[in-house]
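The residues making up each chain are set out below.
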Amino acid sequence: MSVPGLRPRIIATPVAFHPQLNSRYGIPCLTDELSKTHSGKFLQETQKLYSDPSIRSIKDQIQAHRLPFQFVVPHQLISSRSDVQEDFLKLCPSTEQGSAYRFPTTKMLFRQPMIFYTIRIKHIRTSKVVENFMMSTYEREIAIMPHTPPAPPLAMEAFPQEYRPSTMRWIRQHRWTRPLGALKLSAAEPSPANVLSSDFRPSTTITLSLTFTPSSTLAFDTQPCEWVCLVRHYLRIRTFYSTRRMERIPTHSAARRDPFLRVREKRTEPEVREYAKMSWKRDNNCQWKIHLDVPIKVARNLLPTFLNQLSARQYAVVVRFSIKGFSHKVLELVLPLQIICYPALSRTLESPQEEGSAARDEFLPYSSSSFPRQGVTASEVNISPPSYDL
């Protein structure tokens, strides 16, 4: 970052920078010519920097000093409204989704949605008076990828039209014959898939619980151990965007009712796995049971799950189970999946103590040390955000 106007006599003196980080996300309105955005300033800091001849350059009789500085980003935004839920204030990753839209009068660019962050130097103070000091108006956009731990499992019972953790189907030898019994399939929400995983592809595991209950004494001779089962699964990706502030987690059914809310849905290519000679166990109630572990691999360039007041990204794994040679409706489960970006195996470092906290607070209307901080990760971990394709 170039700061012109500093003269040689203050090379060894401290320079106080006051960087300010701004965020903005917005989308074009769906019903009229208006646009909806949300923006806010959520980081202000003051840092002391020292220049030396190695970072000084002279061009057209102007001395420019390239002074590197670092800053930390809060995990959570700050809202002046007391009715905003905490889930809507978590830091979102930088992203541009959907088609571009330029507002006719202001020529401002929007996407569906677009989330970006800018940083600018608000104040520069030197310990000595500098002649012809040029105030900085420099501003640039930066990419942010928040590091957040996994959230608690979703209460799927609160979203009956979005997710299906269990299902049951009758199993028949042929279409018009009597059912041999009932097959129940269930599963819990899998653990999150971490795009910062050291594996070649981020992955997680779904444990399927299968229970076969014979319908009559004639069906007790049925041997599920001889079945050949097919498990087909794919990832469902939904991006929600709204022109009115959302007050709860968006759903597909809400998007059909709400004229201000829209959703885009994508599906990954399905994967098929075949299971044969499985080790079913029979209990005292003549029920056959088994647990199947199904590995789920995802692309590393997936955008992590996020939620704010105007947009959201959600993922779900759709699992379809069938048995070869039998007549039955496919058993289908829909389970939520978190995609996170979290250096779980890396060493999180404490932020260094800044000198001159009293001088820092002199420039700020509040103390920046009261904010929760985004940790600095170890150098051996690659924390640069991937190039998102989805």
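Preceding this section is the structure that the text describes.
Below or above, wherever it landed, is the structure these notes cover. (Residues numbered from 1 in each chain as written. Predicted model: local features only at pLDDT ≥ 70, side-chain atom pairs only at ≥ 80, totals over all residues. Heavy atoms only, no water.)

### A word on the overall build of the protein chain
Here is step 1 of the chain: Looking only at helices and strands, the protein chain has 2 helices and 26 strands in total.
Here is step 2 of the chain: For the protein chain, buried positions account for 42% of its 390 residues.
Here is step 3 of the chain: Within the protein chain, residue pairs in contact and separated by at least 24 positions form 73% of the contacts whose partners lie at least 6 positions apart.
Here is step 4 of the chain: Carbon together with sulfur atoms contributes 51% to the accessible area of the protein chain, which is approximately 21700 Å² in total. (Helix = DSSP H or I, 4+ residues; strand = E, 2+ residues; numbered from the N terminus. Buried < 20%, exposed > 50% of the residue type's maximum accessible area, 1.4 Å probe, protein only. Contact = heavy atoms within 4.5 Å. Areas by Shrake-Rupley, 256 points an atom, 1.4 Å probe, with all protein chains shown as cover.)

### Considerations on the sheet that holds strand β19 (residues 281–282)
Here is step 1 of the chain: Pairing is antiparallel across the open sheet formed by 5 strands, whose spatial order is β12-β13-β15-β20-β19. Every interior strand has two partners, whereas the edge strands, β12 (166–172) and β19, have only one.
Here is step 2 of the chain: Bridge analysis of strand β13 (residues 179–186) against strand β15 (residues 203–214) gives 6 bridges, and the strand direction is antiparallel. Looking at β15, one finds that Leu185 is bridged to Leu210. (Pairing = 2+ DSSP bridges.)

### Quick word on the pairing of strand β6 (residues 62–66)
Here is step 1 of the chain: For strand β5 (residues 56–59) and β6, the ladder comprises 4 bridges, and the chain directions are antiparallel. Bridged to Lys59 within β6 is Ile62.
Here is step 2 of the chain: Count of turn residues in the β5/β6 antiparallel hairpin: 2 residues, of which Asp60 carries a positive phi of about 55°.

### Comments concerning the packing of aromatic side chains
Here is step 1 of the chain: Here the structure, examined in full by the defined rule, presents 4 aromatic pairs.
Here is step 2 of the chain: Ring plane angle 75° and centroid distance 5.6 Å describe the contact between Trp227 and Trp280, whose orientation is recorded as edge-to-face. Note that Trp227 is positioned in the loop between β15 and β16 (228–242) and Trp280 in the loop between β18 (271–276) and β19, a separation of 53 residues in sequence.
Here is step 3 of the chain: Using a relative accessible area of 4% as the deciding quantity, one classes Trp227 as buried.
Here is step 4 of the chain: The exposure class assigned to Trp280 is buried, which follows from its relative accessible area of 6%.
Here is step 5 of the chain: A network of ring pairs unites the aromatic residues Phe212, Trp227, Trp280 and Phe326 as a single cluster. (Phe/Tyr/Trp six-rings, centres within 6.5 Å; stacked < 30°, edge-to-face > 60°.)

### Quick look at the environment of Ser186
Here is step 1 of the chain: With respect to the element layout, Ser186 can be found in strand β13.
Here is step 2 of the chain: For the pair formed by Ser186 and Pro165, sequence separation is 21 residues and the distance between their alpha carbons is 5.6 Å.
Here is step 3 of the chain: What Ser186 contacts, discounting residues up to four positions off in sequence, is Pro165, Ser166, Thr207, Leu208, Ser209 and Leu333.

### Considering the nonpolar core
Here is step 1 of the chain: Counting residues in hydrophobic clusters, the biggest one holds 66 residues, and the most contacted among them are Leu183, Leu208, Trp280 and Phe321.
Here is step 2 of the chain: Considering every element that reaches this core, the biggest residue donor is strand β22 (residues 311–323), with 8 residues.
Here is step 3 of the chain: Once you skip the residues sitting within four places of it in the chain, Trp280 turns out to touch Leu183, Leu210, Phe212, Pro224, Cys225, Trp227, Trp288, Lys289 and Ile290. (Core = buried A, V, L, I, M, F, W, Y, C linked by side-chain atoms within 4.5 Å.)

### Thoughts on the pattern of salt bridges
Here is step 1 of the chain: Going through the model one piece at a time under the given rule, you end up with 9 salt bridges.
Here is step 2 of the chain: A salt bridge links Asp87 to Lys90; its shortest N-O distance comes to 4.0 Å.
Here is step 3 of the chain: Close ionic contact of Arg238 with Glu162 constitutes a salt bridge, the shortest N to O distance being 2.7 Å. Remark: Glu162 occurs in the loop between β11 (139–142) and β12 and Arg238 occurs in strand β16; sequence separation between them is 76 residues. No difference in accessibility class separates Arg238 from Glu162, as the two residues are buried.
Here is step 4 of the chain: Overlapping salt bridges, with partners in common, bring together Glu162, Arg238, Glu265 and Arg267 in one network. (Salt bridge = Lys/Arg side-chain N within 4 Å of Asp/Glu carboxyl O.)

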